[in-house]
Amino acid sequence: MNDDDHDDDHDGDRALLREMLRIRRFEERCVELYSAAKIRGFMHLYIGEEAVAVGVAAALTPGDAVVATYREHGHALVRGVPARSIMAEMFGKVEGCSRGRGGSMHLFDVGRRFYGGNAIVGGGLPIALGIALAEHMQATGRIVACFFGEGAVAEGEFHECMNLAELWQLPILFCCENNLYAMGTALTRSESETDLALKASSYEMPAWAVDGMDVIAVRDAARRAVDAVRGGGGPHFLELRTYRFRAHSMYDPERYRDKAEVETWKARDPIPAFTARLALDAAQLDTLEREIAAEIDDAVSYADAGTFEPVEDLTRFVTSEAGRT
Amino acid sequence: MTATAPTTLTYREACREALREALRRDDRVFLMGEDVGRYGGCFAVSLGLLEEFGPERIRDTPLSESAFVGAGIGAALAGMRPIVEIMTVNFSLLALDQIMNNAATLLHMSGGQCPVPLVIRMTTGAGRQVAAQHSHSLEGWYAHIPGLRILVPATVEDARGMLWPALEDPDPVMIFEHGGLYGTSGSIAADAGPVDITRAAVRRPGRDVSLVTYGGTLHVALEAAEQLAPAGIEAEVLDLRTLRPLDDEAIVDSVRRTHRAVVIDEGWRSGSISAEITARIVEHAFYDLDAPVARVCTAEVPMPYARHLEEAAVPTVPAAVEAAKRVCEGG
């Protein structure tokens, strides 16, 4: 490795830390805003799982499409959806990335090829498959990263999509975020076979498990997979083993898991471990934190100052306004 | 340009010609579904298209309705113009989540960013003794859902002409082809092309009663009108053509002319499109009515296999005639 590469990786590694911290601090602020009733509805936090979205995103190019789940604040942030427009969305403001019609679970930014935000478990997989089919048919060279939780593997759509993606050799990376619980149902209580990569392998798809608490491991695995997908190697599947530190949603009393288990996983928090690995000094870390806090302050101010769409606009966007194409 | 001599086409051939035209006109168009390719389509609608357009554009799928309907949505989002064929309306229930929660919803949920220019075609209806899991008429259910356009071609001309404007629509369109119609034929201009997909059509003018119908029961209404004429009842037959949005104006105009209405629908009566049509007549033309609105619907049973029971279940000409006479006498 020459010095240039070293510098690139060094900067890249710092960017990974910054992105993980952005997501963490953004969501911590969201919790406060939820308590203050600025944010309502369902809100699902990604805290603990940041290394997954950040590591995978580091392997993608801006033209690649992303389909995510209702736990997608982190994916949206790391794909460049402005914190302002995400926060405004959660405030229900028209300045939000979905004009206040989607909320926390339905963040969209098609200009950045971020296709939501899907709140039906498994429901995003067929859409991702179709986007990948379109990329394939139009020979764009772009790929699709499709995120879903391990709960989705119990859905028929998961199996339909594994089969079709492999059968048609589509350019898609399946990113299974295995946080061990489908809401309150443990993987071991819901699956006869808990080796998730094996399920994808049974469709002849290259698949392997990755430590989802290690952002470098995720990035390296994603690079390997993305290179293969982009090179015409067909779909790939990563099982990203991770853990959510917070409740499933703001309504979840967490009766289904031990506090000790949560603490064990918190000891593997991807952020402090990686911060230590980068050997940042206190001043550098402080600067980073202050920059992120400023971005989030700005996002909250922007959302607060935003406007509620007039009720007269209620029925807009049920059908297209632009007319036929 | 000289007028082209009319030609005779079956409904099936008209559907096929519409597909062929769309595939020729627009490289973004492709057809995807179960047995659309090598088999030639379950109802032989796409016969020959694989040979002409190849397996990339005439794309056989596994029996994975949710995945391939959802894939149609995704492909539409990413620049293609997919036509997804579902073998029958009953199987569409396996894709209902994708149709309802994604196709119909994405535009609104994304604040206008995600139009879904997708066409979903399927067979609907009874009459072929294929029993309770292949015979239902659920197009009225789909007409409940904001964000979808629901088309119900009843004629060869509409089978030929509705697909292209459906593909030009930036939003999802579902086309319901009644299985009993594929073998019927009609005269059509040799150069027939796209038709308007926003309006109902008066298929037979009349002054005494409006028979409001669509799709597979249009011929029932037309035959009933023929049988009513000798009794001195001139029935107007209104072919709805689109169930969402409903052409309220055409319905109300017809009822204002005739002051009586019979809705004929192969769907069940309860919570149905026939109930919706009746409600709109009552809302918009109550004081024009000389008699209560009548309905001729399918009996509220899962469709039975035996021919005599199936015939007893679905709307028939005698039932339509009887209902029309009743509302006319009642007035």
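Residues numbered from 1 in each chain as written. Chains lettered and ligands numbered in written order. Predicted model: local features only at pLDDT ≥ 70, side-chain atom pairs only at ≥ 80, totals over all residues.

All names here are of chain B. The domains assigned to chain B are domain 1 (6-189) and domain 2 (201-330). The interface of domain 1 with domain 2 comprises 23 residues on the first partner and 22 residues on the second. Among the elements of the structure, helix 7 (139-142), strand 6 (149-151) and strand 7 (173-178) are those that each provide at least two residues to the side of domain 1 that touches domain 2. In terms of residue count, the dominant contributor to the side of domain 1 that touches domain 2 is strand 6 (three residues). For the side of domain 1 that touches domain 2, the per-class residue count stands at 11 nonpolar, nine polar and three charged. (Domains from an automatic or database assignment. Contact = placed C-beta atoms within 7 Å. Helix = DSSP H or I, 4+ residues; strand = E, 2+ residues; numbered from the N terminus. Nonpolar A, V, L, I, M, F, W, Y, C, P; charged D, E, K, R; others polar.)

Moving on, we get to the nonpolar core. One broad rule of soluble globular proteins: the nonpolar side chains tend to lie buried together. Ranked by internal contacts, the top residues of the largest apolar core, which has 198 residues, are Leu129, Cys146 and Ile172 of chain A together with Leu211, Val262 and Ala324 of chain B. Residue contributions to this core peak at nine residues, all from helix 5 (residues 124-137) of chain A. Each of domain 1 (6-189) and domain 2 (201-330) of chain B accounts for three or more of the residues forming this core. Those residues in contact with Cys146 of chain A that lie beyond four places of it in its chain are Val67, Gly124, Leu125, Ala128, Ile172, Leu173, Phe174 and Cys175 of chain A. (Core = buried A, V, L, I, M, F, W, Y, C linked by C-beta atoms within 7 Å. Buried ≥ 20, exposed ≤ 12 C-beta atoms within 10 Å, placed from the backbone.)

Moving on, we come to the interface of chain A and chain B. With 36 residues of chain A at the contact, the number on the chain B side is 35 residues. The dominant element in the side of chain A that touches chain B, judged by the number of residues it contributes, is helix 5 of chain A, at 10 residues. Across the side of chain A that touches chain B, the residue classes break down as 18 nonpolar, 12 polar and six charged.

All names here are of chain B. Read from one edge to the other, the open sheet built from five strands follows the order 9-11-10-13-14, with strand pairing classed as mixed. The open sheet has two edge strands with one neighbour each: strand 9 (201-204) and strand 14 (294-298). With direction set aside, neighbouring strand axes in the sheet form an average angle of 25°. Bridging between strand 13 (residues 261-268) and strand 14 involves five bridges; their strand directions are parallel. Counted as the bridge partner of Trp268 is Thr298 from strand 14. Contacts from helix 11 (residues 248-258) reach strand 9, strand 10 (209-213), strand 11 (235-239) and strand 13, with the element oriented near 180° to strand 11. Most of the contacts of helix 12 (residues 273-285) go to strand 13, to which it runs at about 155°, and overall it touches strand 10, strand 13 and strand 14. (Pairing = 2+ DSSP bridges. Axes fitted to C-alpha atoms, helices over the stretch in contact; angles between N-to-C directions.)

Before going further, it helps to spend a moment on the sheet that holds strand 6 of chain B. Residue and element names in this part refer to chain B. The mixed open sheet is built from seven strands, whose spatial order is 3-2-4-5-7-6-12. Strands at the two margins of the open sheet, each flanked by one partner only, are strand 3 (58-60) and strand 12 (242-244). Neighbouring strand axes in the sheet, compared pairwise and without regard to direction, differ in orientation by 20° on average. Bridging between strand 4 (residues 81-88) and strand 5 (residues 119-124) involves five bridges; their strand directions are parallel. Note on strand 5: the bridge partner recorded for Val84 is Ile120. Each of strand 2 (29-33), strand 4 and strand 5 touches helix 3 (residues 65-77); the most contacted strand, strand 4, lies at about 160° to it.

Those residues of helix 5 (residues 96-103) of chain B that fall on the buried side of the exposure criterion are Gln98, Ile99, Asn102 and Ala103 of chain B. The buried residues of helix 5 of chain B occupy one face: seen down the axis, they fall within an arc of 115°. Residues of helix 5 of chain B that are buried sit in contact with helix 5 of chain A together with helix 3, helix 4 (89-92), helix 6 (106-109) and strand 5 of chain B. (Arc of directions from axis to C-beta.)

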